[in-house]
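# Report on the structure
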Amino acid sequence: MKKDPLIIAFCCNWCAYAAADLAGISRLQYPGSIRIIRVMCSGMVHPDMVFHALEKGADGVMIVGCHPGECHYIKGNEIALARADIIAETLEDMGWERDRFQMTHVSSSEPERLVQAFRDMHERLEALHQNTFAGVEANE
Amino acid sequence: MKDKRRPRLSFVWLHACSGCEIALLNSGERLPELLNKVEIVHFPLLVDHKFGGEQEFALPEADIGFVSGGVASEEHLALLYSMRRTCRILVSLGTCATHGGVPALRNRWTAAATLETVFGDTSGRATVAAEMPALLDRVYSVDEKVRVDFCLPGCPPHPEMIVHVIETLMTDGQPRLPGKSVCETCPTIRTGEMHRTVRRFLNNAEYDSDEPVEEMRCLLEQGFLCMGPVTAGGCGGLSVPLCVQARVPCRGCYGPVRPEGNQLLDMLNVLASHGVDHRAIVDRQSLLRFSGAHGLLRLTRKTK
Ligand code: SF4
Ligand code: SF4
Ligand code: SF4
Ligand code: FES
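In this text the structure is predicted, and so the values were computed from the model without any measurement. (Residues numbered from 1 in each chain as written. Chains lettered and ligands numbered in written order. Predicted model: local features only at pLDDT ≥ 70, side-chain atom pairs only at ≥ 80, totals over all residues. Heavy atoms only, no water.)

What follows deals with the overall build of chain B. Check the secondary structure of chain B and you find 8 helices and 7 strands. Computed over the C-alpha atoms, the radius of gyration of chain B is 21 Å, within 12% of the 19 Å expected from 2.2 N^0.38 for a compact globule of 304 residues. Principal axes of the C-alpha set define a box for chain B whose edges measure 60 × 60 × 30 Å. Here chain B, with 304 residues, has 49% of them falling under the buried criterion. Relative to all contacts within chain B whose residues are 6 or more apart in sequence, the contacts with residues 24 or more apart total 77%. Surface exposure of chain B reaches about 15,500 Å², of which carbon and sulfur atoms provide 53%. Once the 34 positive and 35 negative side-chain charges of chain B are each reduced to a mean point, those two points are 5 Å apart. (Helix = DSSP H or I, 4+ residues; strand = E, 2+ residues; numbered from the N terminus. Rg over C-alpha atoms; globule rule 2.2 N^0.38 Å. Buried < 20%, exposed > 50% of the residue type's maximum accessible area, 1.4 Å probe, protein only. Contact = heavy atoms within 4.5 Å. Areas by Shrake-Rupley, 256 points an atom, 1.4 Å probe, with all protein chains shown as cover. Lys, Arg positive; Asp, Glu negative; His and termini not counted. Charge placed at Lys NZ, Arg CZ, Asp CG, Glu CD.)

So, about the domain arrangement of chain B. For interface size, the figure often reported is the accessible area lost on association. Residues and elements named next belong to chain B. Here chain B is partitioned into domain 1 (8-170) and domain 2 (178-298). Averaged C-alpha coordinates put domain 1 and domain 2 at centres separated by 27 Å. The junction of domain 1 with domain 2 conceals about 1,500 Å² of combined surface from both sides, 60% of it contributed by carbon and sulfur atoms. Of all residues in domain 1, His 99, Arg 108 and His 158 bury the most surface against domain 2, accounting for 39% of the area lost on that side. Here domain 1 is connected to domain 2 by 0 salt bridges. At the boundary of domain 1 with domain 2, the tally comes to 11 residue pairs in polar contact (both at pLDDT 80 or more). Secondary-structure elements contributing two or more residues to the side of domain 1 that touches domain 2 are α4 (95-99) and β6 (135-140). Tallied by class, the residues present in the side of domain 1 that touches domain 2 amount to 10 nonpolar, 9 polar and 4 charged. (Domains from an automatic or database assignment. Buried area = accessible area lost by both parts, 1.4 Å probe. Salt bridge = Lys/Arg side-chain N within 4 Å of Asp/Glu carboxyl O. Polar contact = N/O pair within 3.5 Å; in protein donor to acceptor, adjacent residues only side chain to side chain. Nonpolar A, V, L, I, M, F, W, Y, C, P; charged D, E, K, R; others polar.)

With that settled, the discussion passes to the nonpolar core. Formed by 51 residues in total, the largest nonpolar core has its most connected members in Ile 63 and Phe 101 of chain A together with Leu 220, Met 267 and Leu 271 of chain B. Of all the secondary-structure elements, those providing two or more residues to this core are β1 (7-12), α2 (47-55), β3 (60-65), α3 (76-93) and β4 (101-105) of chain A together with α8 (263-273) of chain B. If you tally residues by element for this core, the top one is α8 of chain B, at 7 residues. The residues contacting Leu 220 of chain B, other than those within four sequence positions of it, are Met 194, Cys 226, Pro 229, Met 267, Val 270 and Leu 271 of chain B. Counting 22 residues, the second-largest nonpolar core is a separate cluster that includes Ile 64, Val 91, Leu 93 and Val 165 of chain B. (Core = buried A, V, L, I, M, F, W, Y, C linked by side-chain atoms within 4.5 Å.)

A separate point is the site of ligand 1. Residues and elements named next belong to chain B. Around ligand 1, the neighbouring residues are Ala 16, Cys 17, Gly 19, Cys 20, Gly 94, Thr 95, Cys 96, Gly 154, Cys 155 and Pro 156. For the shell around ligand 1, the elements supplying multiple residues, two or more each, are α1 (19-25) and α4. Its residues assigned to classes, the shell around ligand 1 comprises 6 nonpolar, 4 polar and no charged. (Near = heavy atom within 4 Å.)

Looking at ligand 2, the residues that line it are Val 182, Cys 183, Cys 186, Thr 188, Arg 190, Cys 218, Leu 219, Leu 220, Cys 226, Gly 228 and Pro 229 of chain B. Each residue belonging to the shell around ligand 2 can be placed in one class, and the counts come to 8 nonpolar, 2 polar and 1 charged.

All names here are of chain A. Taken in spatial order, the 4 strands of this open sheet run β2-β1-β3-β4, and their pairing is parallel. In the strand order of this sheet, the two ends are held by β2 (34-39) and β4, each with one partner. For this sheet, the mean angle separating the axes of adjacent strands, direction not counted, is 20°. (Pairing = 2+ DSSP bridges. Axes fitted to C-alpha atoms, helices over the stretch in contact; angles between N-to-C directions.)

So this is what it looks like as structure tokens:
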């Protein structure tokens with residue numbers, strides 16, 4: 001039986017989490033693989049946390065924050081974006097595929113956009129797992 | 001107190017340079033005091049004591065054992081297992097033992113590639129003598145292979161700190177490390193304004209050599225890749241960090257601030273969070289030059 005991927009989504013309180021809340025109220029469906037962790041701002045997520053999540057068994061990690069220029073702590077999401085760069089670059093150094101990490105921006109009134117990002121991430125990881133298994137079988 | 005047996009100390013070195021042991025000998029007046037209180041049962045740097053066996057190493061029983069160096073070969077591994085069996089308390093001494101240290105730089109290549117590069121003849125074949133112990137696939141820190149009771153990083157650890165750890169463990173206490181970064185004991189001037197690009201250390205930092213180091217601007221803020229923020233402090237004892245005393249940037253030799261931290265990731269994070277362009281660091285893997293064990297430095301993927 002195929003196992004669903006497990007995705008940790010760090011959502012900032014002011015836009016991303018509010019959008020997730022609205023998605024729930026509007027009864028939008030998104031994959032059950034998403035586990036939301038609310039943080040005050042996307043700029044709070046240290047790259048160590050992303051790698052920690054992967055090491056502890058998550059298949060993918062998302063950081064979701066406000067649109068550029070709309071962070072409630074002014075520069076938090078700029079810092080998050082710079083960090084997203086180094087996370088993407090060091091993933092392969094640490095033996096993970098780049099597809100396992102995603103940074104996304106949404107506003108609190110864009111639940112569809114958030115749900116779409118969740119779905120895309122879920123599909124990407126499923127594809128990644130299929131490739132990995134195909135690769136393992138081909139090697140055997 | 002005459003009848004009380006002196007605590008027995010045992011020292012072995014694995015993939016090490018002897019600097020850690022020399023640091024202990026460098027502890028000045030505290031050394032003779034210490035030597036009067038302990039019995040040294042095994043210490044290759046000081047005492048000629050034969051311990052090789054046919055299969056196993058016959059090490060003497062000890063109360064506290066110190067291992068310096070990483071675990072790089074089958075021989076190191078056998079020696080380490082023997083040490084663990086014979087010592088009640090085991091301490092990993094120095095960054096090589098706690099985080100792999102400089103020898104773990106080879107973890108980016110296979111053992112075969114290392115042999116070919118380092119000992120290769122003109123045709124690229126390794127030329128080491130056949131009786132050299134087989135290399136492990138990579139260099140491991142001591143705690144990756146056996147249970148360790150206390151980790152004392154530093155390349156080498158500060159002499160006072162080594163003596164403090166020995167004396168505390170002798171009385172069954174729990175030694176304490178500073179637990180802070182190099183920056184916390186650095187007196188340079190910080191303004192919060194960073195140079196936006198990384199400058200490599202081809203030019204000297206800006207400072208007035210007639211002025212004390214307290215008058216110098218933080219080297220990281222000057223744009224040099226000073227690893228102070230991501231490196232465990234203590235190298236200067238109660239005084240200024242050693243490299244900063246010499247007005248050069250910290251290279252990271254005490255390993256990460258949290259024992260399980262990742263100096264590469266943490267340093268890039270420092271730069272990214274301050275808007276510094278980290279792409280100028282083409283050799284970013286070298287930020288793990290002292291802490292490549294624990295699987296942090298890995299085989300570089302084939303580029304072809
Ligand atoms: S930690 Fe430094 S001083 Fe100690 S053995 Fe390793 S290289 Fe030598
Ligand atoms: S970055 Fe370097 S120079 Fe600046 S405070 Fe830290 S240790 Fe000192
Ligand atoms: S300043 Fe850094 S590199 Fe220099 S001795 Fe101290 S910890 Fe080691
Ligand atoms: S508050 Fe949303 S990213 Fe900073």
